[in-house]
Amino acid sequence: MAEEPSNQENKNYKDKFDDARDKTSMYARYSSIAFQMLGTIGLGVWGGMKLDEWQGNENPIWTIILSLTSIGASLYLFIRQLPKQP
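Computed from a predicted model, the values in this text were never measured in an experiment. (Residues numbered from 1 in each chain as written. Predicted model: local features only at pLDDT ≥ 70, side-chain atom pairs only at ≥ 80, totals over all residues. Heavy atoms only, no water.)

**What to know about helix α2 (residues 61–81)**
Its 21 residues place the ends of α2 30 Å apart at the C-alpha level, agreeing with the 30 Å of an ideal helix rising 1.5 Å per residue. When α2 is considered as a whole, its buried residues turn out to be T63, S67, S70 and S74. Looking down the long axis of α2, one finds its buried residues gathered within 70 degrees of arc, a one-sided arrangement. Away from its buried face by more than 90 degrees, α2 exposes L68, Y76, I79 and R80. (Helix = DSSP H or I, 4+ residues; strand = E, 2+ residues; numbered from the N terminus. Expected span 1.5 Å × (residues − 1). Buried < 20%, exposed > 50% of the residue type's maximum accessible area, 1.4 Å probe, protein only. Arc of directions from axis to C-beta.)

Encoded structure:
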């Protein structure tokens, strides 16, 4: 019969599994934040372009304003979602 792994070996496997799960969880968290930032900035740029098109502006005033506003909003949301470390 095959020998059962000792408690120390089981603990090592569990620690490795927990480390891998933590790394995957952090990767998923930060990649979702990145997609949220892309969506926020993209929506701001698209909205600015549509407003400029609707108003017939020669200069892309709304595109600039909403682009900068959406960048600021996405940075604010990013900072709020960072884990708090003592």
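There's plenty left to go through after this.
**Notes on the UniProt feature "transmembrane region" (unreviewed entry) in the chain**
Under the local residue numbering, the UniProt record ascribes the feature "transmembrane region" (unreviewed entry) to residues 30–49 and 61–79. This span, residues 30–49, is 100% helix and 0% strand, and a straight line between its end C-alpha atoms measures 29 Å. Strand forms 0% of residues 61–79 and helix 100%; the C-alpha atoms that close the span are 27 Å apart. (UniProt positions renumbered as here; feature names shortened; annotations may be inferred.)

**Focus: the side chain of D52**
Topologically, D52 is positioned in helix α1 (residues 7–55). One buried charged residue, D52, forms no salt bridge at all, with the nearest opposite charge on K50 at 12 Å. Of the polar contacts made by the side chain of D52, one reaches the side chain of T63; its length is 2.7 Å. Contacts of D52, omitting those with residues within four sequence positions, involve N57, N59, P60, I61, W62 and T63. (Lys, Arg positive; Asp, Glu negative; His and termini not counted. Salt bridge = Lys/Arg side-chain N within 4 Å of Asp/Glu carboxyl O. Polar contact = N/O pair within 3.5 Å; in protein donor to acceptor, adjacent residues only side chain to side chain. Contact = heavy atoms within 4.5 Å.)

**With respect to the side chain of S74**
Residue placement: S74 occurs in helix α2. Leaving out residues up to four positions away in the same chain, S74 has contacts with M37, T40 and I41.

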